[in-house]
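# Notes for the structure review
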Amino acid sequence: FARLDARKAEIRRAELREAFCAMFTYARTNRIDMILLSGDVFDRDFATRETLSLMLREFQMTECPIIIAPGNHDCVTPGSIWAKPIFPQNVHIFRSPKVEKFSFDELGVDVYGYAFVSPEMTDCPLSGTHADDTKKINLLCAHGEIGVPLSRYCPISRALISEFGADYAALGHIHNAPATEQIGNTLVSYCGCPEGRAFDEIGIKGAVLCEINKEGGRADIRLKRIRFSRRRYENEAVDCTGAETLSEIEEKIGSLIREKAYGEDTLLRTVLQGSVSPSLIVDVNALRARFPQLFFLEVRDETLPAINPQDFENDRTVRGEFYRTLAAQMESGTPEERKIAAMALRYGLSAIAGENIREI
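Residues numbered from 1 in each chain as written. Predicted model: local features only at pLDDT ≥ 70, side-chain atom pairs only at ≥ 80, totals over all residues. Heavy atoms only, no water.

## Observations regarding the packing of aromatic side chains
Under the definition given, this model contains ten aromatic pairs. Ring centres of Phe 199 and Tyr 233 lie 5.1 Å apart, and the angle between their planes is 90°; this geometry places the pair in the edge-to-face category. Residue Phe 199 is found in the loop between strand 11 (186-190) and strand 12 (206-215), and its partner Tyr 233 is found in strand 14 (residues 232-239); the two are separated by 34 residues along the sequence. Looking at Tyr 233, the relative accessible area reads 4%, which means it is buried. Aromatic rings pair up to connect Phe 20, Phe 24, Phe 42, Phe 59, Trp 82 and Phe 87 into one cluster. (Phe/Tyr/Trp six-rings, centres within 6.5 Å; stacked < 30°, edge-to-face > 60°. Helix = DSSP H or I, 4+ residues; strand = E, 2+ residues; numbered from the N terminus. Buried < 20%, exposed > 50% of the residue type's maximum accessible area, 1.4 Å probe, protein only.)

Shown next, in the form of structure tokens:
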């Protein structure tokens, strides 16, 4: 939460913990039979005393089995959280890089999984393994990447998923969950993360509620995504082509916010694009201040000055000379050089026109 001010960063840290607690409250209230955590419960293999205490409290208050498959960020190492003898009896943790099984005969369920024991796993432990009892509900709780053969974070092929023969694969690692996928007889779903933390974790976040009934060797599975995130991160491009004033850009951003119904629960990044008046200087700080209804607004200016070269090439005043000095850099420089040259042109043309230039 480094982009936020101190007050809002502390709010977000509290909300991250609240999302975790909300999931367990939901599980207890709705009498959920089992909770699967598919890795990266923590960003590292250690946690603060406060965070660990919160997690253990939720585990102890929850009676159903909790199964954990540690991932690349919170891998099982000597002295790591998962190696400590601090967990209640209902918590079952995979601690081996090889496939293991926890059986819950009262539920008719076998849960298979493995653990990362280092930050990388270049071979998939599923190779050569399969579910033992097809009459049971067979679950795979695992961390890895499907369809990325060279992944350093457990490359899981679709063939291995199909051959293993689980009814449902509850996967972790991908924070922006892709669509649920049927692979052979296995329904595969990534849960995503329960609370977005930056603009690379966009959208509403939460957990997957899975209802499974199995008769005659065939599982009937229904999935539902439950929102637990307190807020959402969103990225939006805003076409500002033709804008001549800051008010016009403000209206375009406002129209987007109203159309998408973004509000106090939203952290929004807007990327301004298109060609605008050469003398328009986009004051991103002023724009941010005009939308207090959002929890946070970031404005990135990627607009370019709308220039007709013919208007300047034959201009023998200082205005034309100024343009010609910057033209080569705007056309053939690096992206950063083009950006700086375009901004210099805007400031220069505004100054030449006698407009008030504000530092932004």
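Now, onward.
## Some points on unusual backbone geometry
Excluding glycine, most residues fall at negative phi; most peptide bonds, likewise, are trans. You will see that His 173, though not glycine, has its phi angle at about 130°, which is positive. You can see His 173 is positioned in the loop between strand 9 (168-172) and strand 10 (181-183). Not every positive phi belongs to a glycine, and Ala 261 is a case in point at roughly 55°. With respect to the helices and strands, Ala 261 occurs in the loop between helix 4 (246-260) and strand 15 (266-273). Classification of Ala 261 as exposed rests on a relative accessible area of 60%.

## Considering the sheet that holds strand 9
With mixed pairing, six strands are arranged side by side in an open sheet as 4-5-6-9-11-10. Since the sheet does not close on itself, it has two edges, and those belong to strand 4 (100-104) and strand 10, each with one partner. On average, each strand axis in the sheet is inclined to that of its neighbour by 25°, with strand direction left out of account. Relative to strand 5 (residues 109-113), strand 4 runs antiparallel, the two being bridged by five bridges. Looking at the pairing, Ser 103 lines up with Asp 110 of strand 5. (Pairing = 2+ DSSP bridges. Axes fitted to C-alpha atoms, helices over the stretch in contact; angles between N-to-C directions.)

## Considering the sheet that holds strand 14
Pairing is parallel in the open sheet, where three strands are placed in the order 14-15-17. Lying at the two open borders of the sheet, with one neighbouring strand each, are strand 14 and strand 17 (296-301). Strand-to-strand twist of the sheet, defined as the mean angle between neighbouring strand axes without regard to direction, takes the value 15°. Looking at chain direction, strand 15 and strand 17 are connected through six bridges and run parallel. If you follow Val 271 over to strand 17, its bridge partner there is Arg 300.

## Observations concerning the side chain of Glu 201
Looking at where Glu 201 falls in the secondary structure, it is placed in the loop between strand 11 and strand 12. Of note is the side chain of Glu 201, whose polar atom sits 2.6 Å from the side chain of His 175. At 2.7 Å, the side chain of Glu 201 forms a polar contact with the side chain of Arg 197. When near neighbours in sequence (up to four residues on either side) are disregarded, Glu 201 contacts His 175, Asn 176, Cys 193, Glu 195, Gly 196 and Tyr 233. (Polar contact = N/O pair within 3.5 Å; in protein donor to acceptor, adjacent residues only side chain to side chain. Contact = heavy atoms within 4.5 Å.)

## What about the nonpolar core?
Among the nonpolar cores identified, the biggest contains 41 residues, and Met 55, Phe 59, Trp 82, Phe 87 and Val 111 are the most heavily contacted of them. A per-element tally of this core places helix 1 (residues 6-29) first, with six residues. Other than its neighbours up to four places away in sequence, Trp 82 contacts Val 41, Phe 42, Met 55, Ile 68, Pro 70, Asp 74, Cys 75, Val 76, Phe 87, Ile 93 and Arg 95. If you look at the next biggest cluster of nonpolar residues, it comprises 22 residues, including Tyr 112, Phe 116, Leu 160 and Leu 171. (Core = buried A, V, L, I, M, F, W, Y, C linked by side-chain atoms within 4.5 Å.)

## Some words on the pattern of salt bridges
Under the counting rule described, the total for this entry stands at 27 salt bridges. For Arg 158, the salt bridge is made with Glu 181, and the minimal N-O distance between the two is 2.6 Å. Linking Arg 158 in helix 3 (residues 158-164) with Glu 181 in strand 10, this pair joins segments that are 23 residues apart in sequence. We classify Arg 158 as partly exposed; its relative accessible area is 39%. Glu 264 is paired through a salt bridge with Arg 231; the nearest N and O atoms lie 3.0 Å apart. With a gap of 33 residues between them, Glu 264 in the loop between helix 4 and strand 15 and Arg 231 in the loop between strand 13 (218-227) and strand 14 connect regions that are remote in the sequence. (Salt bridge = Lys/Arg side-chain N within 4 Å of Asp/Glu carboxyl O.)

So yeah, pure geometry; function would need other evidence.
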